[in-house]
Amino acid sequence: MNAWEAKVIDTFKQIQTRLEATPHLLRLGRLFSETVLIEVGGDEFYLSFEKGHIVSVVEGPSRKTPWRFALRTDAEALNKFWEMRPEPGFHDIFGLVKIGRGRIDGDILSLVKNLRFFKEVLSLARAKEELAA
């Protein structure tokens, strides 16, 4: 595992911790029990959710891990997405797709059913910068 992969895993672990301390998100995700693939510049990360809780963050690739939907982007775009105040296009997962820096694959219906939950969970990484400021 290189330094970039370690940073991404650490960020997902921080998201996991912040999610546990965010009751409204746990309420929103209480019906969401799926595995999501986050691919960043060819590196794969699997986030497994159980009733709105992140139960595991596993580095891939793995042909044995089934996933419901995937968000694929590049490292620079993900870093910009996780900034405290991201610039337009980097503020949202669909913004990444619109500007050509992201792709969403798989069961789109599952994503749309849980869109607010998933988008807010991914944006929890921004909270660390807000706390530090």
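What this report covers is the structure whose coordinates are included nearby. Small disclaimer: the values here were computed from a predicted structure and weren't measured.

For the rest of this paragraph, the subject is the overall build of the protein. Helix and strand content of the protein: seven helices and five strands. Helices and strands appear in the protein in the N-to-C order α-α-β-β-β-β-α-α-β-α-α-α. Along the first, second and third principal axes, the C-alpha atoms of the protein reach 35 × 30 × 30 Å. Per-residue burial for the protein yields a buried fraction of 47% across its 133 residues. Sequence separation of at least 24 residues holds for 63% of the intrachain contacts in the protein that already meet a minimum separation of 6. For the protein, the distance from the average position of its 20 positive side-chain charges to the average position of its 19 negative side-chain charges is 5 Å.

Before going further, it helps to spend a moment on the pairing of strand 4 (residues 69-73). With five of five residues buried, strand 4 lies mostly within the body of the structure. Of the two faces of strand 4, the one carrying F69, L71 and T73 and the one carrying A70 and R72 are both buried. Where strand 1 (residues 35-40) and strand 4 come together, five bridges link them in parallel fashion. In the strand pairing of strand 4, V36 is matched with F69. Here strand 4 pairs with strand 5 (residues 102-106) via five bridges, running antiparallel. Residue pairing for strand 5: T73 is matched across the bridge by G102.

This part covers the sheet that holds strand 3 (residues 53-59). Taken in spatial order, the five strands make up an open sheet running 3-2-1-4-5, and their pairing is mixed. Only two strands of the sheet have a single neighbouring strand rather than two, namely strand 3 and strand 5. Neighbour-to-neighbour, the strand axes of the sheet open up by a mean angle of 20 degrees, direction not taken into account. Those strands touched by helix 1 (residues 3-20) are strand 1, strand 2 (43-50) and strand 3, and its axis lies near 175 degrees from that of strand 3.

In this section: the pairing of strand 3. Sheet topology note: the strand 2/strand 3 ladder contains six bridges and is antiparallel. For F45, the partnering residue across the bridge sits in strand 3 and is E59.

Time to look at the packing of aromatic side chains. Remark: the centre distance and the inter-plane angle together describe each pair of aromatic rings, the angle taken between the planes. For the coordinates displayed, the defined rule picks out seven aromatic pairs. Ring centres 5.1 Å apart and planes at 90 degrees place the aromatic pair F69 and F118 in the edge-to-face group. Here F69 is found in strand 4, whereas its partner F118 is found in helix 6 (residues 115-122), with 49 residues between them in sequence. Overall, the relative accessible area of 1% leaves F69 in the buried class. Take F118: its relative accessible area is 2%, and that puts it in the buried class. What links up through ring pairs into an aromatic cluster is the set F32, F49, F69, F117 and F118.

Cut-off values and rules
Residues numbered from 1 in each chain as written. Predicted model: local features only at pLDDT ≥ 70, side-chain atom pairs only at ≥ 80, totals over all residues. Heavy atoms only, no water. Helix = DSSP H or I, 4+ residues; strand = E, 2+ residues; numbered from the N terminus. Buried < 20%, exposed > 50% of the residue type's maximum accessible area, 1.4 Å probe, protein only. Contact = heavy atoms within 4.5 Å. Lys, Arg positive; Asp, Glu negative; His and termini not counted. Charge placed at Lys NZ, Arg CZ, Asp CG, Glu CD. Pairing = 2+ DSSP bridges. Axes fitted to C-alpha atoms, helices over the stretch in contact; angles between N-to-C directions. Phe/Tyr/Trp six-rings, centres within 6.5 Å; stacked < 30°, edge-to-face > 60°.

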